[in-house]
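These are the residues of each chain, in order.
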Amino acid sequence: MTSRAGRYFELCKPRVVYLIVFTAVVGMFLAVPGWPPLNALIAGTLGIGLAASSAAAINHLLDQRIDAVMARTRDRPLPSGQLGTKQVLSFALILCVISMTMLLIWVNSLTAVLTFLSLIGYAIIYTVWLKRATPQNIVIGGAAGAAPPVLGWTAVTGTVDPNALILFLIIYVWTPPHFWALAIHRRHDYAAADIPMLPVTHGVRFTRWQILFYTILLVIVSTLPFLTGMSGLLYMAGVTVLNIGFLWYALRLLGEHDEGLPMQTFAYSVIYLMVLFVFLLADHYFLMIIS
C-alpha cells in the first residue's frame, strides 16, 4: 500500500519534474562563465521544481476522468480514490504559492512571471484546451515544456538571452517526436478517452512520418549552439552521435512494425535530451578552461 506521502509525491510526476529541473539547472550554469550565484541556484532550482510539481498536480486534477479510462493512469491517486479533489487542489495551490514566493523574494520577478506563465500554459491551456482540441496539441503546447532552461537562465541573469532561446528551441522541436512515440504505443488508450492525439486522428503511418520530419528538424536545430559559438567541438561531436541515434530510431519506425519500437524510441528520446544537456555543460566548462 502506497503511503499518503507517496501519493502526494506521485502527483508531482517526479520523473518529468527531474528532467525539467535538470535542464533548468544546466541553463543556470550556461548563463555565466563561472559558477552561478548560490542563492539563484538553490532558490531557483527549488522554485522551478515546485512550480513544475504544482502544474503536474493540476494536470492530475483536470485529467482525472481521462486517467480513469486509460490503462496506464487508472491507478493514479485521484481515479483510484486514494486522494480527493480538494486534497489535490490544496496541494497544488500550496506548491504554487511557495514556488512563486521563493522566486519573487530570492530570485527575481522575471523568473517568477515566466515560471507562472509556463505553469498556466501546461496545467491550464494545454490540459484543458489544446489536449482535447487538436492533434497538434503537443506542438502548440510544447512551448510550456521547453521553458525550463530559459527559466534557469533568467534566474541567474535576470534577462532572456538569445542563447537561452536556442535551448528553448531544442526542447520545443524535441517534444513532438518524443511524445508521439509514446502516443503511438498508447493510441488505443487515447482513442478510448476521446483524446485527439495524432496517431488516433491521422493514423500511425502518418505519425511515424511526422516523427521523422521533426527528428530531421531537431538535427538541424541542435547544431545551433555550435553554429552560433555558444558551444564548441566537444558538444558538436557529442550531439552528432546523439542525432545519428535518433535518426536511426525514426527511420526504423517507418520501416519496421515492431510494437515495442515506439517505446524504445521514447526511452531513447529521454536519454537524448539529458545527454545533450550534459554535453552542453561539459563543453561550456571545457571552453572556459582552455580560454
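Report follows, based on the coordinates.

About the thresholds
- Residues numbered from 1 in each chain as written.
- Predicted model: local features only at pLDDT ≥ 70, side-chain atom pairs only at ≥ 80, totals over all residues.
- Heavy atoms only, no water.
- Axes fitted to C-alpha atoms, helices over the stretch in contact; angles between N-to-C directions.
- Helix = DSSP H or I, 4+ residues; strand = E, 2+ residues; numbered from the N terminus.
- Parallel < 35°, antiparallel > 145°, perpendicular 65-115°, else oblique.
- Left-handed = near helix turned anticlockwise from the far one by under 90°.
- Contact = heavy atoms within 4.5 Å.
- Buried < 20%, exposed > 50% of the residue type's maximum accessible area, 1.4 Å probe, protein only.
- Arc of directions from axis to C-beta.
- Core = buried A, V, L, I, M, F, W, Y, C linked by side-chain atoms within 4.5 Å.
- Phe/Tyr/Trp six-rings, centres within 6.5 Å; stacked < 30°, edge-to-face > 60°.

Here we look at the packing of helix 2 (residues 14–30) against helix 8 (residues 148–157)
(1) Moving on: Two elements in contact, helix 2 and helix 8, have axes whose closest approach is 7 Å; the angle formed by their N-to-C orientations is 40 degrees. By the angle between their axes, helix 2 is oblique relative to helix 8. The crossing of helix 2 and helix 8 is right-handed. Only Pro-148, Pro-149, Gly-152, Trp-153, Ala-155 and Val-156 of helix 8 make contact with helix 2, whose side of the interface consists of Ile-20, Thr-23, Ala-24, Gly-27, Met-28 and Leu-30.

Quick look at helix 1 (residues 4–11)
(1) Moving on: Turning to helix 1, its buried residues are Arg-7, Tyr-8 and Leu-11. Across the axial projection of helix 1, the buried residues extend over an arc of 95 degrees, all falling on one side.
(2) Moving on: Packing partners of the buried residues in helix 1 comprise helix 3 (38–62) and helix 5 (85–107).
(3) Moving on: Of the residues one or two after helix 1, Lys-13 is the one with positive phi, at around 50 degrees.

Here we look at the nonpolar core
Most often, soluble globular proteins have nonpolar side chains that are buried together.
(1) Moving on: With 92 residues, the main nonpolar core has Trp-174, Phe-179, Trp-180, Tyr-272, Leu-276 and Phe-277 as its most contacted residues.
(2) Moving on: Broken down by element, this core gets its largest block of residues, 13 residues, from helix 9 (residues 162–185).
(3) Moving on: Other than its neighbours up to four places away in sequence, Tyr-272 contacts Trp-174, Leu-218, Ser-222, Val-239, Leu-242, Asn-243 and Phe-246.

Points about the packing of aromatic side chains
(1) Moving on: Summed over all chains, the structure comprises 14 aromatic pairs.
(2) Moving on: Between the aromatic rings of Phe-29 and Trp-35, the centroid separation amounts to 5.4 Å while the plane-to-plane angle is 75 degrees, which identifies the pairing as edge-to-face.
(3) Moving on: The exposed category is assigned to Trp-35, whose relative accessible area is 68%.
(4) Moving on: With 6.4 Å between their ring centres and 50 degrees between their planes, Phe-179 and Tyr-190 make a pair best called tilted. Residue Phe-179 is found in helix 9, and its partner Tyr-190 is found in helix 10 (residues 187–192); the two are separated by 11 residues along the sequence. The burial state of Phe-179 is the same as that of Tyr-190; both residues are buried.
(5) Moving on: Ring pairing ties together the aromatic residues Phe-246, Trp-248, Tyr-249, Tyr-268 and Tyr-272, which thus form one cluster.

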